[in-house]
Amino acid sequence: MKTAASLIKIDTTHAQAHLSAETIRQAEQDALAAIQTLHTGSGVGNDFLGWLTLPEEMLERDLCKEVQTVADKLRHECLYIICIGIGGSYLGGKAVMEALGDHFSTHRKPDLGRPQVLFAGNNISSDYLHDLMDLVVDKPFGIVNISKSGTTTEPAIAFRMLSQYLVARDGQEVAKRRIVAITDKKRGALRRLADEQGYDTFVIPDNVGGRFSVLTPVGLLPIALAGFDIEALLQGASDTALLYSSTEHPLETPAVQYAVTRQAAYRERAVSEVLVAFEPRLSAIGQWWMQLFGESEGKEGKGLLPLSLTYTTDLHSMGQWIQQGPHNILETMIVVDTPRDTITIPTDEQNLDGLNYLAGETMHYVNEQAHLGTLLAHEDGGVPVLQLQLPQIDARTIGAFIYTMEYAVAVSGYMMGINPFDQPGVEDYKRNMFALLAKPGFESETKVMRQRLNK
């Protein structure tokens, strides 16, 4: 039986052909040093390395059963479950759910035992929250509040409004059963509230940053609520972690080859990396990847700008720019060997659309030729193209992919000489927003902000 460690493959041929051998060689040496730094815990940010051994630890603790028990309770009591969180508190879970799910699941009627999982607290749009509350106005719903502190503005507003509405409509005892908190073990407003109200709770590990938290209860509970196999997800990640911790040839692993090639491209000319998927179900994976790499590497004036596209859809809008625009990008393609379902193109007697030459071919075959045609066109246009190959889209494979990307960004960040695990710039907009909202304690900043805006 194949293990998840062998699931993710990488083809660097069409990227490294555009890069100098010396740049690649130096990047490989830097990668080996970065791996040493990572595994010895001797680098900056070493207090956030819990993700390295997290998958195996989750399986050993049998946390899946605890998560699944809570998920099953909510699934059989609610038609809708609203997961509240922002950034890493929702992107990972949403990405896995969309990858493993039905493209049109949100258009299907929910049932008890098969609820719809929705998201809130990831924006401050009054229209969004109004529409969400209107959707559940007469429906049984539950809430999963995901926040380390419980005071982050976007999720805190959503939780206050939704929880108060649930209590007012259904009563305190019902709300107690249907609200789950995923938060700090000991500290913070949400921890205090959860203890006071008696909510079911799960802990966000102190040594795992938000964008690395999808394999903690932060991501596992929403994924389980949507009905997917969280144990298989963890197993795929765990098998991959074992490979990276035990191999004698780290430069041959997909994560390190990926880090080496993207860093070589960055050192020579690339200012942006475009991650593209040929399956729409992987679009949200691209959004998760954007946060993972953008927050990890975008600091100290460094880092590739991460962008995500879905082909062939976005080829009709962005393909021209990628093909003939400024050749300062790296393109990374995610390709899937085997689709979940097979559809064959039929023949047509009139053949007015001229498609009979494709009659009898599968849609997947056509998609694969679009992938190969795009690969060759972009390579001819001077674009370095990496390929990440997935055998299929299932829980084990997605788990392997998640861990591969987490490992790659850690190595890549250390190769750049930065801390891949902090995000100091994220706090700047929050301070300005607090000042403009006249939050207590920000009085002096409020005056400065308003003077700047009134110039």
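An unreviewed UniProt entry lists the protein under the name Glucose-6-phosphate isomerase, from Porphyromonas asaccharolytica. In the Catalytic activity (unreviewed entry) part of its UniProt record, the protein is described as follows: "alpha-D-glucose 6-phosphate = beta-D-fructose 6-phosphate". Annotation of the protein in UniProt includes, under Sequence similarities (unreviewed entry), the sentence "Belongs to the GPI family."

K.L.:
A description of the sheet that holds strand 3 (residues 116–120) should follow, citing residues and the corresponding values.
P.N.:
As summarised here, the arrangement of the five strands in space is 3-2-4-5-6, forming an open sheet in which the pairing is parallel. Looking along the sheet, the strands with just one partner apiece sit at the ends: strand 3 and strand 6 (200–203). Within the sheet, the average angular offset between the axes of one strand and its neighbour, ignoring direction, is 20°. With four bridges joining them, strand 4 (residues 141–146) and strand 5 (residues 179–183) adopt parallel strand pairing. Bridging from a neighbouring strand, I143 pairs with I179 of strand 5.

K.L.:
Any chance you could break down the pairing of strand 2 (residues 80–84) for me, citing the residues and the numbers?
P.N.:
Where burial is concerned, most of strand 2 is hidden: five out of the five residues are buried. Side chains Y80, I82 and I84 project from strand 2 onto one buried face, and the interleaved I81 and C83 project onto a second face that is buried too. Here strand 2 runs beside strand 3; their pairing, made up of five bridges, is parallel. Pairing of I81 across the sheet is with V117, part of strand 3.

K.L.:
Tell me what's going on with the packing of aromatic side chains, and back it up with residues and numbers.
P.N.:
Under the definition given, this model contains 14 aromatic pairs. Judged by centre distance (5.6 Å) and plane angle (55°), the ring pair of F212 and F421 falls under tilted. Taken together, the residues span a long stretch of sequence, with F212 in the loop between strand 6 and helix 10 (217–225) and F421 in the loop between helix 16 (395–416) and helix 17 (426–436) at a distance of 209 residues. Owing to a relative accessible area of 5%, F421 belongs among the buried residues under this scheme. Feature note: the residues W51, F212, Y244, Y403, Y407, Y414 and F421 constitute an aromatic cluster, connected by ring pairs. Over the face of the ring belonging to Y258 we find R262, whose NZ or CZ atom lies 5.6 Å from the ring centre. Geometry around F434 places K439 over its ring, the cationic atom sitting 4.0 Å from the centre.

K.L.:
I'd like a description of the packing of helix 13 (residues 283–297) against helix 16, backed by residues and values.
P.N.:
Close contact between helix 13 and helix 16 brings their axes to 10 Å; oriented N to C, the two are set at 20°. Viewed along their axes, helix 13 and helix 16 adopt a mutual orientation that is roughly parallel. Note on packing geometry: the crossing formed by helix 13 with helix 16 is right-handed. Contact residues: I285, W288, W289, L292, F293, S296 and E297 in helix 13; I398, F401, I402, M405, E406, A408, V409, S412, G413 and M416 in helix 16. Within the contact of helix 13 with helix 16, the residues separate by chemical class into 12 nonpolar, three polar and two charged.

K.L.:
Quick rundown of the nonpolar core? Include the residues and the values.
P.N.:
Formed by 96 residues in total, the largest nonpolar core has its most connected members in L38, W51, V144, L221, W288, I398 and Y407. Per element, the largest residue contribution to this core is 14 residues, and it comes from helix 16. Of the residues that make up this core, three or more belong to each of domain 1 (9–43 + 234–416) and domain 2 (53–231). Setting aside residues up to four positions removed in sequence, V144 forms contacts with L74, I81, I82, C83, I84, V180, I182, L221 and L225. L79, L132, F141 and A194 belong to the second largest nonpolar core, which has 22 residues in total.

The rules behind each value
Residues numbered from 1 in each chain as written. Predicted model: local features only at pLDDT ≥ 70, side-chain atom pairs only at ≥ 80, totals over all residues. Heavy atoms only, no water. UniProt positions renumbered as here; feature names shortened; annotations may be inferred. Pairing = 2+ DSSP bridges. Helix = DSSP H or I, 4+ residues; strand = E, 2+ residues; numbered from the N terminus. Axes fitted to C-alpha atoms, helices over the stretch in contact; angles between N-to-C directions. Buried < 20%, exposed > 50% of the residue type's maximum accessible area, 1.4 Å probe, protein only. Phe/Tyr/Trp six-rings, centres within 6.5 Å; stacked < 30°, edge-to-face > 60°. Lys NZ or Arg CZ within 6 Å of the ring centre and 35° of its normal. Parallel < 35°, antiparallel > 145°, perpendicular 65-115°, else oblique. Left-handed = near helix turned anticlockwise from the far one by under 90°. Contact = heavy atoms within 4.5 Å. Nonpolar A, V, L, I, M, F, W, Y, C, P; charged D, E, K, R; others polar. Core = buried A, V, L, I, M, F, W, Y, C linked by side-chain atoms within 4.5 Å. Domains from an automatic or database assignment.

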